[in-house]
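Residue-level structural notes
Below are the chains, spelled out letter by letter.
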Amino acid sequence: MCALRLEKLTDKERTSWEALSNEDYEESEYAALMDKDAFRVIQSVCSAALDDDFDCLVVINGTVVARNNSNAAFCALLKRAYEHAVASGNAGACCNLANMYHNTDGTGSKEDYATAIELYELGADRGDDQSSVNLGYIYYYGRGVDKDYAAAYECYARAALTNGNPEAFWKLCDLYAGGRGVRQSDWMAWTMYLKAYENGKGTGFQCRAAHHVADYLMTGIEGKLDPDPDRALELYVKAEVSYYDAIDSGLTYYSRCLDQAIEGQAKAREAIREKHRRIRAGEE
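Rules of the game
Residues numbered from 1 in each chain as written. Predicted model: local features only at pLDDT ≥ 70, side-chain atom pairs only at ≥ 80, totals over all residues. Heavy atoms only, no water. Helix = DSSP H or I, 4+ residues; strand = E, 2+ residues; numbered from the N terminus. Expected span 1.5 Å × (residues − 1). Buried < 20%, exposed > 50% of the residue type's maximum accessible area, 1.4 Å probe, protein only. Contact = heavy atoms within 4.5 Å. Polar contact = N/O pair within 3.5 Å; in protein donor to acceptor, adjacent residues only side chain to side chain. Axes fitted to C-alpha atoms, helices over the stretch in contact; angles between N-to-C directions. Parallel < 35°, antiparallel > 145°, perpendicular 65-115°, else oblique. Left-handed = near helix turned anticlockwise from the far one by under 90°. Nonpolar A, V, L, I, M, F, W, Y, C, P; charged D, E, K, R; others polar. Phe/Tyr/Trp six-rings, centres within 6.5 Å; stacked < 30°, edge-to-face > 60°. Lys NZ or Arg CZ within 6 Å of the ring centre and 35° of its normal.

**Remarks on helix 9 (residues 149-163)**
- Here helix 9 contains 15 residues, and its C-alpha end-to-end distance of 21 Å stays within 8% of the 21 Å for a straight helix at 1.5 Å per residue.
- Along helix 9, the residues classified as buried are Ala151, Ala152, Cys155, Tyr156, Ala157, Ala159 and Ala160.
- Along its buried surface, helix 9 packs onto helix 8 (129-141) and helix 10 (166-178).
- For helix 9, the capping residue at the N-terminal end is Asp148, with a side-chain oxygen 3.3 Å from the backbone nitrogen of Ala150.
- Gly164 lies just past helix 9 and shows a positive phi near 65°.

Given below as structure tokens:
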């Protein structure tokens, strides 16, 4: 990854990008460098950057971007567009640009992780809650730095409190459930998972959080939460559907979670049968 260039597009770049935005794929030099879907993303990115349409710039086809993350020509244009947006004061572009340096398999260089941290901090200071969340991952997993659960907690809490980010609540749950950086508390974990579920409407996090909310509803929390297998079953089914969608989009690591959600349904149904058997037998 080449060095950051946090400055707006030059007049020469604008002229070049205006031409690129109107080029035909088959006649373009990029036809030999990327597929048509990637080229169309680049054209939309260039147009958005030229118009300073930063909301459009930072919300682009993630599947195409992921598929082309090792394509040098694609990444160079995308990176330059994000640099322009960051230099123009946009918050979301800080996160997107940082993501290009944040190697989530843990094999990135310390220099790249340092750049990612700098950009996430800048995005967070500008009010972008996803920058705070992603910075939390760096500290949570120790990517380029020592693991620091307390620092991760601060990042997740900031995103949760400032904008109700469901992913931030999700990660706070993990910290409380495992007692990492905070005192272990099933009640706080349950509360955070529930907030992730409630705030995640329309996102994948709603039903992923549903899985863990259902787990707690199966066991209950002594003195605070009674078991509720009926509601647990409903949430396990929602989680199952969400996992299918996630796996279909390429997130195959959710296969194990899918199996667990299906197993949870079987346990919930058995608990419901037992509850009604006890009712009929006059035991409840």
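**Considering the packing of helix 10 against helix 11 (residues 186-199)**
- In contact at an axis separation of 8 Å, helix 10 and helix 11 are set at 165° when each is read in the N-to-C sense. By the angle class used here, helix 10 and helix 11 are roughly antiparallel. Crossing hand, helix 10 versus helix 11: left-handed. Where helix 10 abuts helix 11, its residues Pro166, Phe169, Trp170, Leu172, Cys173, Asp174, Tyr176 and Ala177 lie against Met188, Ala189, Met192, Tyr193, Lys195, Ala196 and Asn199.
- Residue classes in the contact of helix 10 with helix 11 are distributed as twelve nonpolar, one polar and two charged.

**Examining the packing of aromatic side chains**
- For the structure shown, the criterion picks out eleven aromatic pairs.
- Measuring from ring centre to ring centre gives 6.4 Å for Tyr193 and Tyr216, while their planes differ by 40°; the resulting arrangement is tilted. With Tyr193 in helix 11 and Tyr216 in helix 12 (residues 204-219), this residue pair connects regions lying 23 residues apart in the sequence.
- Residue Tyr193 is classed as buried on the basis of its relative accessible area of 4%.
- Judged by centre distance (5.6 Å) and plane angle (25°), the ring pair of Tyr243 and Tyr254 falls under stacked. Separated by eleven residues along the polypeptide, Tyr243 in helix 13 (residues 229-248) and Tyr254 in the loop between helix 13 and helix 14 (255-280) bring together distant segments of the chain. When sorted by exposure, Tyr243 lands in the same class as Tyr254, which is buried.
- In textbook terms, an aromatic cluster arises when at least three aromatic residues are bridged by ring pairs, as seen for Tyr137, Tyr140, Tyr141, Tyr149 and Tyr156.
- The ring of Tyr140 carries Lys171 above its face, with NZ or CZ at 4.1 Å from the centroid.
- The aromatic ring of Trp187 is capped on one face by Lys224, whose charged end is 5.4 Å from the ring centroid.

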